[in-house]
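The primary structure of each chain is shown beneath.
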Amino acid sequence: MGCTLKPEEIKRVKALGFLNNKGTDLFNGRIITVNGKITSEQTKVIAEAAQKYGNGEVEFTTRLTVEVRGIHYDNIEPFREYLAQAGLETGGTGSLVRPVVACKGTTCQYGLYDTFALAEKIHERFYKGYRTVRLPHKFKIATGGCPNNCVKPDLNDLGIVGQLIPNVDEDMCNGCKKCQVETACPMGAAKMEDDMIKIDTESCNNCGRCVEKCPFDVIEEGTPGFRIYIGGRWGKKTAQGKPLSRIFTTEEELLDTVEKAILLFREQGKTGERFADTISRIGFEEVEKQLLSNDILDRKQEILDAQLHLVGGATC
């Protein structure tokens, strides 16, 4: 049996997170996991909902959402109500801030900050807080716990990478023939020169592996921070994001900069283009200048109130 639904109905429920199975009245229901982490109770409810309203199959997307297959159009609302009992909701489509992707930095041996917690804050402030804010195109955010880049932050519209900047106390260096700091550095940025440990800041990626490795406390601690990449994109047209020159050392200034990027994209992006295209058109230096100032935040309400991007039309 073919699809009996009108295009406007398919479009309406897509905005709720239901993607039409081509040529049918069935849909995949996309469930938002907030940060890629759900409880055992939520897992149970999803499984029950898949049996009750879908075809019993569950799919995991590349952006850490969960899709239940084979949901009939008439079961969309009952399905959403069933999920709500476990605090789950559907969504994640449209020219909006998309669900956040987080690596397992919270528990990973290399993680430099609590990625789950940061992703949840971004979800609440920007995914949910900006649900009515139309953008030129989708805006994807990834939170990576360290420079291993497992969630590919530089292939997202905005990516965050955890940093631990080594604090070197040269007075404590004993000029060891086999330096533990040099051995620990995976980038080859730490080297003994003239019986003194030196770190090449150009090649150092602030992974923090050298911190606390010296028995004489040459690098007893590091300064935690975040590096932001902007303008990444994966798809038909790829683009590698570029890092802002500044490393952000507080969560507050990090989140404010994320908000500036979203507001800049809304105000200065052309309908249908991705953030990478906006940056390319305006120029990275100009975009960075705006993101490192407070002018955009000062005009926040003006930008949010503007009647922009009311008609879609993706160019890539």
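Look up a bit, the structure's there.
Source: prediction; values computed, not measured. (Residues numbered from 1 in each chain as written. Predicted model: local features only at pLDDT ≥ 70, side-chain atom pairs only at ≥ 80, totals over all residues. Heavy atoms only, no water.)

Enquirer: What am I meant to see in the overall build of the chain here?
Expert: Assigned secondary structure in the chain consists of ten helices and eleven strands. A principal-axis box enclosing the C-alpha atoms of the chain has dimensions of 80 × 45 × 30 Å. Once local pairs closer than 6 in sequence are excluded, the contacts in the chain between residues at least 24 apart make up 67%. Looking at the chain as shown, the accessible area adds up to about 15,900 Å², and 48% of this sits on carbon and sulfur atoms. (Helix = DSSP H or I, 4+ residues; strand = E, 2+ residues; numbered from the N terminus. Contact = heavy atoms within 4.5 Å. Areas by Shrake-Rupley, 256 points an atom, 1.4 Å probe, with all protein chains shown as cover.)

Enquirer: For this particular structure, what's the right way to read the packing of aromatic side chains?
Expert: We describe a pair of aromatic rings using the distance from one ring centre to the other and the angle between the two ring planes. The full count for this structure, using the stated rule, is nine aromatic pairs. Aromatic pair phenylalanine 139 and phenylalanine 275: ring centres 5.5 Å apart, planes at 50 degrees, arrangement tilted. One end of the pair, phenylalanine 139, is in the loop between α4 (115–128) and β6 (141–144); the other, phenylalanine 275, is in helix α7 (residues 275–282), and 136 residues separate them in sequence. A relative accessible area of 0% means that phenylalanine 139 is categorised as buried. Sitting above the plane of the tyrosine 110 ring, arginine 209 keeps its charged end 4.0 Å from the centroid. (Phe/Tyr/Trp six-rings, centres within 6.5 Å; stacked < 30°, edge-to-face > 60°. Buried < 20%, exposed > 50% of the residue type's maximum accessible area, 1.4 Å probe, protein only. Lys NZ or Arg CZ within 6 Å of the ring centre and 35° of its normal.)

Enquirer: I keep staring at the pairing of strand β2 (residues 26–31) and nothing clicks. Help me out?
Expert: Each regular strand displays side chains that alternate between the two surfaces of the sheet. Most of β2 sits out of view: five of its six residues are buried. Here three bridges tie strand β1 (residues 18–20) to β2, and the two strands are oriented antiparallel to one another. Bridged to phenylalanine 18 within β2 is glycine 29. Turn length for the β1-β2 hairpin, with the two strands adjacent in sequence and antiparallel, is five residues, and the turn residue glycine 23 shows positive phi of about 80 degrees. (Pairing = 2+ DSSP bridges.)

Enquirer: How should the pattern of salt bridges be read in this particular structure?
Expert: Pairing between side chains becomes possible if they bear opposite charge and their charged atoms approach one another. Scanning all chains against the criterion turns up 17 salt bridges. Between lysine 198 and glutamate 170 there is a salt bridge, with its nearest N and O atoms 3.3 Å apart. In this pair, lysine 198 is assigned in strand β9 (residues 196–199) and glutamate 170 in the loop between β7 (158–167) and α5 (180–184), connecting sequence segments 28 residues apart. Lysine 198 sits in the partly exposed class, given a relative accessible area of 33%. With a closest N to O distance of 2.8 Å, lysine 300 and glutamate 259 form a salt bridge. Here lysine 300, found in helix α10 (residues 300–305), pairs with glutamate 259, found in helix α6 (residues 251–268); they are 41 residues apart in sequence, far enough to count as distant. Three or more residues are tied together by salt bridges with common partners; here these are Arg125, Asp256, Glu259 and Lys300. (Salt bridge = Lys/Arg side-chain N within 4 Å of Asp/Glu carboxyl O.)

Enquirer: How do you make sense of the packing of α6 against α7 when you look at a structure like this?
Expert: At their nearest, the axes of α6 and α7 sit 10 Å apart, and the two run at 75 degrees to each other. On the basis of the axis angle, α6 is roughly perpendicular to α7. Here Ala261, Leu264, Phe265 and Gln268 of α6 come into contact with α7, specifically with Phe275, Thr278, Arg281 and Ile282. (Axes fitted to C-alpha atoms, helices over the stretch in contact; angles between N-to-C directions. Parallel < 35°, antiparallel > 145°, perpendicular 65-115°, else oblique.)

Enquirer: Would you take a moment to explain the sheet that holds β7 for this structure?
Expert: Think of a sheet as strands paired side by side through backbone hydrogen bonds, with each pair either parallel or antiparallel. Spatial ordering of the open sheet is given by β5-β6-β7-β10-β11, a layout of five strands whose pairing is mixed. The open sheet has two edge strands, β5 (101–102) and β11 (242–243), and neither has a second partner. Note: β5 against β6, two bridges, orientation parallel. Among the inter-strand pairings, alanine 102 is bridged to a residue of β6, identified as threonine 143. With respect to the sheet, α4 is in contact with β5, β6, β7 and β10 (221–230), its orientation differing from that of β6 by roughly 160 degrees.

As far as function goes, none of this settles anything; it's purely spatial.
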